[in-house]
Amino acid sequence: MDKIFAQIQNVVDRYDELNELLADPDVASDSGKYTRYAKELGEITPIVENYRRYQQLTNEINDDKELLNDKEMASLAKKELSELEPEQSELSEKLRVLMIPKDPNDDKNIIMEIRGAVGGDEANLFAGDLLNMYAHYAQSQNWSFEIVDQTVGEAGGFKEAVINISGENVYSKLKFESGAHRVQRVPVTETQGRVHTSTATVGVMPEFEDIDTEGLIDPKDVREDVYRSSGAGGQHINKTSSAVRLVHLPTGIKVEMQEQRSQQQNRSKAWQILRSRVYDHFAQENREQYDQQRRTKIGSGDRSERIRTYNFPQNRVTDHRINFTLNKLDKVINGDLEEIIDALIIADQTKRLEEMI
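This is a predicted model, so every value here is computed, not measured. (Residues numbered from 1 in each chain as written. Predicted model: local features only at pLDDT ≥ 70, side-chain atom pairs only at ≥ 80, totals over all residues. Heavy atoms only, no water.)

Digging into the sheet that holds strand β6 (residues 222-227)
- One open sheet accounts for 3 strands, arranged β6-β7-β8; its pairing is antiparallel. Of all strands in the sheet, those with a lone pairing partner are β6 and β8 (253-257), marking the two edges. The sheet shows a mean angle of 15° between the axes of neighbouring strands, direction not considered.
- Summarising the sheet, β6 and strand β7 (residues 243-248) pair through 6 bridges and their orientation is antiparallel. Looking at β7, one finds that Tyr 227 is bridged to Ala 243. (Pairing = 2+ DSSP bridges. Helix = DSSP H or I, 4+ residues; strand = E, 2+ residues; numbered from the N terminus. Axes fitted to C-alpha atoms, helices over the stretch in contact; angles between N-to-C directions.)

This is the structure in structure tokens:
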């Protein structure tokens, strides 16, 4: 804990510095600087407040321990110690967690991509089940859930679906969902009652605005094609060139958007998805170096990595990264993901704390 306390003192020094900066008239007149400093101050204030309470408790505990040798005050000192020491221990653990470096993307909204993988029609149907699972979870969190692009499977479900989920702490809660999800169940088309295994992949990418990706995507590197939409949608879609295709030439990443009614809306959605895909592409390129720096990790975020199995005959769901099993798949598939997500977050925090000590 001494190492962490040394780091906390640096935070306290920065806290004092930020308060001085925010009181500076030159900073107050610069809205950009003021907003940036105020945001940083808000992020570190809980650390400083809890640390100062920890210091206060430490002083009070030391005073009470000295009173244990005083016959008249020993009883009162023991009573106070029985209350103060548990609070100090709780604050110590809380400070450890607060000092874990924050993922800069945790507050961002996300672009989620769900695709049927191995298993044909059953994989597409399972992809549809996953989409519904995340939709119900988003509803429970009061998040916005919008399907911005989709390719429906011939037997139902989705070959591919792209979803925009926005709200509070979306990325921080769903970032561990990236990977291959495996289902074991009897397909509706199975006549002999045999259990089949199929997979669908989930990709979770933080959503970026133009300012976030400044320097990452040069507009000159993006080719735009406009064409007529196809498929369902009525005469408007078929008679106007409202569909938009964007190609990021350096990486070959392509985004096609025709779900919206106007070309402008499709262009906006296509850029939204392109920014996230390009960022994710470069993040994956740097993943190996990142993983070498971290001795342990919850998951690589690679869609080929099998992360979870949904076993319907036994009503069981298992997350393989943390060896966590729940025997209530019926509730999980209907959006009750809180226990799994909390377990993943705690496991990640635990591993990162081990790296800090």
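A closer look at the packing of aromatic side chains
- Applying the stated criterion to the full structure yields 2 aromatic pairs.
- Consider the rings of Phe 126 and Tyr 310, whose centres lie 5.4 Å apart with planes at 65°: the pair is edge-to-face. Of this pair, Phe 126 sits in helix α5 (residues 121-140) while Tyr 310 sits in strand β9 (residues 306-311); the two residues are 184 residues apart in sequence, bridging distant segments of the chain.
- An angle of 85° between the planes, with centres 5.5 Å apart, marks the rings of Tyr 137 and Trp 143 as edge-to-face.
- Geometry around Phe 312 places Arg 185 over its ring, the cationic atom sitting 4.9 Å from the centre. (Phe/Tyr/Trp six-rings, centres within 6.5 Å; stacked < 30°, edge-to-face > 60°. Lys NZ or Arg CZ within 6 Å of the ring centre and 35° of its normal.)

Overview of the environment of Ala 77
- Note on placement: Ala 77 falls in helix α4 (residues 74-98).
- For Ala 77, a relative accessible area of 1% corresponds to the buried category.
- Along the chain, Ala 77 and Asp 64 lie 13 residues apart, while their C-alpha atoms are 5.0 Å from each other.
- Among residues more than four places away in sequence, those in contact with Ala 77 are Asp 64, Leu 67 and Leu 68. (Buried < 20%, exposed > 50% of the residue type's maximum accessible area, 1.4 Å probe, protein only. Contact = heavy atoms within 4.5 Å.)

As for the pattern of salt bridges
- Evaluated as defined, the whole model comprises 27 salt bridges.
- Ionic pairing is found between Arg 52 and Asp 16, a salt bridge with its closest N-O pair at 3.6 Å. Of this pair, Arg 52 sits in helix α3 (residues 31-67) while Asp 16 sits in helix α1 (residues 2-22); the two residues are 36 residues apart in sequence, bridging distant segments of the chain.
- Residue Arg 52 is classed as partly exposed on the basis of its relative accessible area of 39%.
- Here Arg 352 and Asp 348 are joined by a salt bridge, their closest N and O atoms 3.1 Å apart. Of this pair, Arg 352 and Asp 348 both sit in helix α11 (residues 338-356), 4 residues apart, roughly one helical turn.
- Each of Glu 113, Arg 115, Glu 160 and Arg 277 takes part in one network of salt bridges that share partners. (Salt bridge = Lys/Arg side-chain N within 4 Å of Asp/Glu carboxyl O.)

Some details on the environment of Asp 24
- Relative to the helices and strands, Asp 24 is located in the loop between α1 and α2 (25-28).
- Given a relative accessible area of 28%, Asp 24 falls into the partly exposed group.
- Placed 10 residues apart in sequence, Asp 24 and Tyr 34 show a C-alpha to C-alpha distance of 9.6 Å.

What to know about the confidence of the model for the chain
- On average, residues of the chain carry a pLDDT of 86, and 88% of them reach 70 or more.
- Overall, residues 232-238 carries pLDDT values under 50, and its contacts beyond four positions in sequence, including any with other chains, amount to 9 contacts. (pLDDT = per-residue confidence, 0-100.)

Structural notes on the sheet that holds strand β10 (residues 316-319)
- Taken in spatial order, the 8 strands line up as β2-β3-β1-β5-β4-β9-β10-β11 in an open sheet, and their pairing is mixed. The sheet is open, and its two edges are formed by β2 (144-152) and β11 (324-326), each paired on a single side. Shown here is a sheet whose adjacent strand axes are inclined to one another by a mean of 20°, direction ignored.
- Relative to β10, β9 runs antiparallel, the two sharing 4 bridges. By the bridge assignment, Asn 311 is partnered in β10 with Arg 316.

Details of the side chain of Asp 103
- Structurally, Asp 103 is set in the loop between α4 and β1 (110-116).
- For Asp 103, a relative accessible area of 18% puts it in the buried group.
- For Asp 103, the side chain forms a polar contact with the main-chain nitrogen of Asn 105, separated by 2.9 Å.
- When sequence neighbours within four positions are dropped, the list of residues in contact with Asp 103 reads Tyr 171 and Lys 175. (Polar contact = N/O pair within 3.5 Å; in protein donor to acceptor, adjacent residues only side chain to side chain.)

What to know about the nonpolar core
- If you look at the biggest cluster of nonpolar residues, it comprises 34 residues, and the most contacted ones within it are Met 112, Ile 114, Leu 130, Tyr 134, Ile 165 and Leu 174.
- Breaking this core down by element, the ones donating at least two residues are β1, α5, β3 (158-166), α6 (170-174), β5 (196-206), α10 (329-332) and α11.
- Per-element tally for this core: the top contributor is α5, with 8 residues.
- Discounting residues that sit within four places of it in the chain, Ile 114 has contacts with Ala 127, Leu 130, Leu 131, Tyr 134, Lys 159, Glu 160, Ala 161, Ile 163, Thr 201 and Val 202. (Core = buried A, V, L, I, M, F, W, Y, C linked by side-chain atoms within 4.5 Å.)

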